[in-house]
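Results of the structural survey
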Amino acid sequence: QVQLVETGGGLVQSGGSLRLSCVVSGASLNYYDIGWFHQAPGAERRGVACISKRDGTTGYRDSVKGRFTISRDTVKNTVYLQVDSLKLEDTGVYYCATVYCSRYGPEYSDYAYWGQGTQVTVSS
């Protein structure tokens, strides 16, 4: 069974940084594209970044380009999301999932495996 576990969230000040981790078990990163999603309080879940299973090609939502960086460690079977220059609107739960990755970011899928999420809170 495929499982994903997100860690690394926390409370940071505006302009600060975090590194989120998504540990994937039960499947290789060479089999699934992995996407990161953000869900602000009361808002819909939106894709922010992803990485391709084939060659590690990445995709980003325009609003996070230059601030968020996705990477992977195929030995540890872990995908990372480095989040820099955090803004108040970045507050929310960050999820990783096994979804298709395009140059524009991850594509939402009802059939994806999802992690439980990790909370990021940005304060002023």
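Everything numeric in this text was worked out from a predicted model, so none of it was measured.

What counts and what doesn't
- Residues numbered from 1 in each chain as written.
- Predicted model: local features only at pLDDT ≥ 70, side-chain atom pairs only at ≥ 80, totals over all residues.
- Heavy atoms only, no water.
- Phe/Tyr/Trp six-rings, centres within 6.5 Å; stacked < 30°, edge-to-face > 60°.
- Helix = DSSP H or I, 4+ residues; strand = E, 2+ residues; numbered from the N terminus.
- Buried < 20%, exposed > 50% of the residue type's maximum accessible area, 1.4 Å probe, protein only.
- Lys NZ or Arg CZ within 6 Å of the ring centre and 35° of its normal.
- Pairing = 2+ DSSP bridges.
- Axes fitted to C-alpha atoms, helices over the stretch in contact; angles between N-to-C directions.
- Contact = heavy atoms within 4.5 Å.

Examining the packing of aromatic side chains
- Per the counting criterion, the structure on display carries seven aromatic pairs.
- On the basis of an interplanar angle of 55° and a centroid distance of 4.8 Å, the ring pair of F37 and W114 is categorised as tilted. In this pair, F37 is assigned in strand 4 (residues 34–39) and W114 in the loop between strand 11 (105–106) and strand 12 (118–123), connecting sequence segments 77 residues apart.
- Ring centres 6.3 Å apart and planes at 85° place the aromatic pair Y95 and W114 in the edge-to-face group. You can see Y95 sitting in strand 9 (residues 92–97) and its partner W114 sitting in the loop between strand 11 and strand 12, a full 19 residues away along the chain.
- Using a relative accessible area of 23% as the deciding quantity, one classes W114 as partly exposed.
- Ring pairing ties together the aromatic residues F37, Y95, Y108 and W114, which thus form one cluster.
- The positively charged end of R45 is found above the aromatic ring belonging to Y95, 3.7 Å away from the centroid.
- Positioned over the ring face of W114 is R45, at 4.8 Å from the centre of the ring.

Examining the sheet that holds strand 12
- As summarised here, the arrangement of the six strands in space is 2-12-9-4-5-6, forming an open sheet in which the pairing is mixed. Of all the strands in the sheet, the pair left with one neighbour each is strand 2 (10–13) and strand 6 (58–60). Strand after strand, the sheet turns through a mean of 25° between neighbouring axes, direction not considered.

Some remarks on the environment of D110
- Here D110 shows up in the loop between strand 11 and strand 12.
- Note on D110: relative accessible area 66%, which makes it exposed.

Looking at the side chain of T118
- Considering the arrangement of structural elements, one finds T118 in strand 12.
- Excluding anything up to four places from it in sequence, T118 contacts E6, T7, G8, G9, L20, G92, V93 and Y94.

Looking at the side chain of S102
- Note on placement: S102 falls in strand 10 (residues 101–102).
- Residue S102 is classed as buried on the basis of its relative accessible area of 17%.
- Here S102 is in contact with C50, G59 and E107, once residues within four sequence places are set aside.

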